[in-house]
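Architecture and fold: a report
Residues per chain are reported as follows:
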Amino acid sequence: MTLLDAVLSLSEAPARDEALQRILRALARVTAADALSVLTAAEDGSVGVAAQIGLSPAALGMSFRPAEHPRLRRATQAAGPIRFLDPSEPDPYSGWLLGNPGEIHPIHACMAVPLHVQGRLAGLLTLDACDPHGLRGLRDEDARVFAGLCAGALRLEAGAGLLDAGPEARRAIGPASSRSAPASRSAGMQRIEREIAVLAPLSVPVLVTGETGVGKELVARALHERSPRARRALVIVNCAAIPAQLVESELFGHRRGAFTGATAARAGRFEAAHGGTIFLDEIGELPLSAQAQLLRALQEGEIQPVGEDRARRVDARVVAATNRDLRREVAEGRFRADLFHRLWVYPICVPPLRERREDIPALCERFAAELAAELGAGRVDFTEPALGALAQGAWPGNVRELKNAVERAVLRRTIAEGKSAAGRALVVRREDLDAIDGGAQERSLPPRIELPGERLRLADASLGQPVEPLAEALERARREAFARAFRAAGGNAATAGRLLGLSRSFAYKEAVRLGLIPPAGPRKR
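Residues numbered from 1 in each chain as written. Predicted model: local features only at pLDDT ≥ 70, side-chain atom pairs only at ≥ 80, totals over all residues. Heavy atoms only, no water.

**Some points on the overall build of the chain**
Using the following cut-off: The helix count covers DSSP runs of H or I at least four residues long, the strand count covers runs of E at least two residues long, and both are numbered beginning at the N terminus. Between buried and exposed lies partly exposed: a residue is buried under 20% and exposed over 50% of the maximum accessible area for its type, with that area taken using a 1.4 Å probe on protein chains only. A contact between two residues is defined here by any heavy atoms of the two lying within 4.5 Å. Only the protein chains shown count as cover for residues, and all accessible areas are computed by the Shrake-Rupley method using a 1.4 Å probe.
Secondary structure assignment for the chain yields 20 helices and 15 strands. Counting all 525 residues of the chain, 46% fall into the buried class. A sequence separation of at least 24 residues applies to 67% of the contacts in the chain between residues at least 6 apart. Carbon together with sulfur atoms contributes 53% to the accessible area of the chain, which is approximately 26200 Å² in total.

**Considering unusual backbone geometry**
Notably, Glu282 is not glycine yet its phi reads approximately 55 degrees, a positive angle. Within the secondary structure, Glu282 sits in the loop between strand E9 (277-281) and helix H9 (288-300). Residues other than glycine seldom take positive phi values, yet Trp395 does so here, at roughly 50 degrees. Tracing the sequence through the fold places Trp395 in the loop between helix H13 (384-391) and helix H14 (398-417). A residue is classified by how much of its surface remains accessible, and Trp395, at 11% relative accessible area, is buried.

**Let's talk about the pattern of salt bridges**
Applied cut-off: When a carboxyl oxygen of Asp or Glu lies within 4 Å of a side-chain nitrogen of Lys or Arg, that pair is called a salt bridge.
Per the counting criterion, the structure on display carries 32 salt bridges. The closest approach of N and O atoms between Arg191 and Glu195, which form a salt bridge, is 3.2 Å. With Arg191 and Glu195 both in helix H5 (residues 187-199), this residue pair falls 4 residues apart, about one helical turn. Residue Arg191 is classed as partly exposed on the basis of its relative accessible area, which comes to 29%. Residues Glu285 and Arg324 are paired through a salt bridge, measuring 3.1 Å at the closest nitrogen-oxygen approach.

**Details of the packing of helix H12 (residues 360-375) against H13**
Put simply, the rule is: Lines are fitted to the C-alpha atoms to define the axes, a helix being fitted only along its stretch in contact, and any angle between axes, read from their N-to-C directions, falls within 0 to 180 degrees. In these notes the angle categories are as follows: under 35 degrees is roughly parallel, over 145 is roughly antiparallel, 65 to 115 is roughly perpendicular, and the rest is oblique. Helix crossings get a hand from a simple test, with the near helix turned counterclockwise from the far one by less than a right angle marking a left-handed crossing and a clockwise turn marking a right-handed one. Only Asp, Glu, Lys and Arg are considered charged, only Ala, Val, Leu, Ile, Met, Phe, Trp, Tyr, Cys and Pro nonpolar, and every remaining residue, Gly among them, polar.
Packing of H12 against H13 brings their axes to within 9 Å, and their N-to-C directions diverge by 115 degrees. Regarding the angle of H12 to H13, the classification is roughly perpendicular. Along this stretch, H12 crosses H13, giving a crossing that reads as right-handed. Between H12 and H13, the contacting residues are Ile360, Pro361 and Cys364 on the first element and Leu387, Leu390 and Ala391 on the second. Considering only residue class, the contact of H12 with H13 consists of 6 nonpolar, no polar and no charged.

**A few points about helix H6 (residues 216-225)**
Turn by turn, an α-helix covers 3.6 residues, leaving residues three or four places apart pointing in a common direction. Most of H6 is tucked away: 9 of the 10 residues are buried. Lys216, Leu218, Val219, Ala220, Arg221, Ala222, Leu223, His224 and Glu225 are the residues of H6 that are buried. Where H6 is buried, its residues touch H5, strand E7 (206-209), strand E8 (234-238), E9, strand E12 (317-322) and strand E13 (347-349).

**Things to note about the pairing of strand E14 (residues 379-382)**
When a strand is regular, its side chains alternate between the sheet's two faces. Rules: When DSSP finds two or more bridges between a pair of strands, those strands are recorded as paired.
Of the two faces of E14, the one holding Val380 and Phe382 is buried and the one holding Arg379 and Asp381 is not buried anywhere. Two strands pair when backbone bridges link them, and E14 and strand E15 (residues 425-428) are joined in this way by 4 bridges, in the parallel orientation. By the bridge assignment, Arg379 is partnered in E15 with Ala425.

**Here we look at the environment of Val319**
Among the structural elements, Val319 can be located in strand E12. Remark: the alpha-carbon pair of Val319 and Leu223, spanning 96 residues in sequence, is separated by 8.4 Å. Filtering out sequence-adjacent residues up to four positions away, Val319 remains in contact with Val206, Val208, Ala220, Leu223, Thr277, Ile278, Phe279 and Leu280.

**Notes on the sheet that holds E9**
Within a sheet, adjacent strands bond to each other through the backbone by hydrogen bonds, running parallel or antiparallel. Strand order across the open sheet formed by 5 strands is E8-E9-E12-E7-E13, with parallel pairing between neighbours. The sheet is open, and its two borders are formed by E8 and E13, each paired with just one other strand. Sheet twist, expressed as the mean angle between neighbouring strand axes with direction ignored, is 20 degrees. Inspection of the sheet shows E8 paired to E9 by 5 bridges, in the parallel sense. Paired with Ile236 across the strands is Phe279, a residue of E9. Against the sheet, H5 contacts E7, E12 and E13, and its axis sits at roughly 155 degrees relative to E13.

**Focus: the side chain of Asp128**
Basically, it comes down to this: Asp and Glu are treated as the negative residues and Lys and Arg as the positive ones, with His and the ends of the chain left uncounted. Counting of polar contacts relies on pairs of N or O atoms within 3.5 Å, with two restrictions inside protein: one atom must be capable of donating a hydrogen and the other of accepting it, and residues adjacent in sequence are counted only when both atoms are side-chain atoms.
Secondary-structure assignment places Asp128 in strand E6 (residues 120-129). Despite its burial, Asp128 pairs with no opposite charge; the closest candidate is Arg71, at 5.1 Å N-O. Within the structure, the side chain of Asp128 is placed 3.2 Å from the side chain of His108, a separation counted as a polar contact. Not counting residues within four places of it along the chain, the set of residues in contact with Asp128 comprises Ala33, Asp34, Ala35, Asp91, Tyr93, His108, Ala109 and Cys110.

**Quick word on the sheet that holds strand E3 (residues 63-64)**
Spatially, E3-E2-E1-E6-E5-E4 is the arrangement adopted by the 6 strands of the open sheet, whose pairing is antiparallel. Looking at which strands have only one partner, the edges of the open sheet turn out to be E3 and strand E4 (82-83). Those strands touched by helix H2 (residues 16-28) are strand E1 (35-41), strand E2 (47-53) and E6, and its axis lies near 55 degrees from that of E2.

**Structural notes on the side chain of Ser37**
Tracing the backbone shows Ser37 in strand E1. A distance of 2.7 Å separates the side chain of Ser37 from the side chain of Tyr93, its partner in a polar contact. Looking at Ser37, its side chain comes within polar contact range of the side chain of Thr126, at 2.5 Å. Setting aside residues up to four positions removed in sequence, Ser37 forms contacts with Leu24, Ala51, Gln52, Leu55, Tyr93, Leu124, Leu125 and Thr126.

**Things to note about the packing of aromatic side chains**
To keep things clear, this is the line we draw: The aromatic pairing rule takes the rings of Phe, Tyr and Trp, using the six-membered ring of Trp, and pairs them if the centres are within 6.5 Å, calling planes under 30 degrees apart stacked, those over 60 edge-to-face and the rest tilted.
This structure, assessed with the given rule, holds 3 aromatic pairs. Both rings, one in Phe64 and one in Tyr93, keep their centres 5.8 Å apart while their planes meet at 70 degrees; by these two values the pair is edge-to-face. Residue Phe64 is located in strand E3, and its partner Tyr93 is located in the loop between E4 and strand E5 (109-117); the two are separated by 29 residues in the primary sequence. Among the residues examined, Tyr93 registers a relative accessible area of 4% and is labelled buried. Taking 5.5 Å as the distance between ring centres and 25 degrees as the angle between the ring planes, the aromatic pair formed by Phe252 and Phe270 counts as stacked. Of this pair, Phe252 sits in helix H7 (residues 247-252) while Phe270 sits in helix H8 (residues 269-272), and the two are 18 residues apart along the sequence.

**Looking at helix H20 (residues 504-513)**
Our working definition: Note that the arc is defined by the directions from the helix axis to the C-beta atoms.
Among the residues making up H20, those that are buried are Ala507, Glu510 and Ala511. Taken end-on, H20 shows its buried residues confined to a sector of 100 degrees, consistent with a single buried face. A positive phi of about 75 degrees marks Gly515, the residue just after H20.

Next up, the structure:
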């Protein structure tokens, strides 16, 4: 049934990348691969990750230049499946495997199959297994079949855009159809529709704000897919998921040998988004040093890879998102004021779910239908009491929390009926939701242990005094101390260093990192 499941993905999946994801899941069930991916070919010759299993979530949207990766270069030129046997060739996914953040051992199983559509290279199907014999059971003929299904999926069009279900909005919109949404009934989301219609054709930066789980990424996708850049890549970057010491390398790239572990040159996310859009989620988490480079990219259209002396031109529209109050971050020295003003061209504020309850029924039906397809169920309906309870929920986690609650209720109903959901209609009832309300969840948790000093911190919070994380408090105090010293020293690093009890060079470097003084330009010879 695995091959049949993969074939049905082409007819049942509502979007290209959902079909790709289902095909990869079917392939994963018949191989011992630790990582599988589908890369799509771009007009500039690069290939980008459109769907994957077994890689870090940050790998989605990552782009490679085959000329810089011997295995990818040979795969794009191959006529059929190719197995890589030379351990001296670096694996492009080294360091990206889930549970294996280090370099992949040179001796492992690796395979790629080119995907052709109408005689042209459309992408690659890749498989990696840490066990050197892990792909021995996969015949080339079977790999060709799955590659053919992936190539067929690349010809699928995605469903409607974020909020518009009209045919003019039916474009391929990137990973997972679950990220698209039904037409909205609420005034707040209809306002966002109008804003997207005006902003999408432009290249100005857009800052999307709102609570966690409201759908900020959906807005970014809609801005990209309704723009002239829609045929190029939408690169999604979760700034909070990148270690602070690697942020600049991930965003702007690095040259080989630029730092320990940089065994090969790698293009950054901005270069991967050249001609398209880069979505910087959780931008408030960026360290100040990376904020300075980002400002240059926005103002000058230039980036400088780590370890290189020359800047590179890049044309990528920036859409950023945050659930933080960036005005407060600026006031407290954690976010550059000049970058804030550069991003704050036109902010889009996505309202929380509690302010658009009229959208909840349609969202519940959509989430239930998606899970029904996974279960093989005919359809899922809700009783009126169940739908009414969902519509009245508080949903502090917004759309993301609602989706989880609906899926738990559908699964609970399936389990309660004691038989497979395949081919049957399910009806979610009010009692299916009782097990997922906040009180039931709290009662199911083990007793909570109060840590020393926690009662005092909670008391402070109850009095309206915000409790600041220690790392943020220390960074703020550090910035204030350096700012006072440099003001007292008239900007002289040597004097400021003496006031702080530090060397001149360290004081200067820290002041640059904190954004207090500009970095020195290149020396003229």
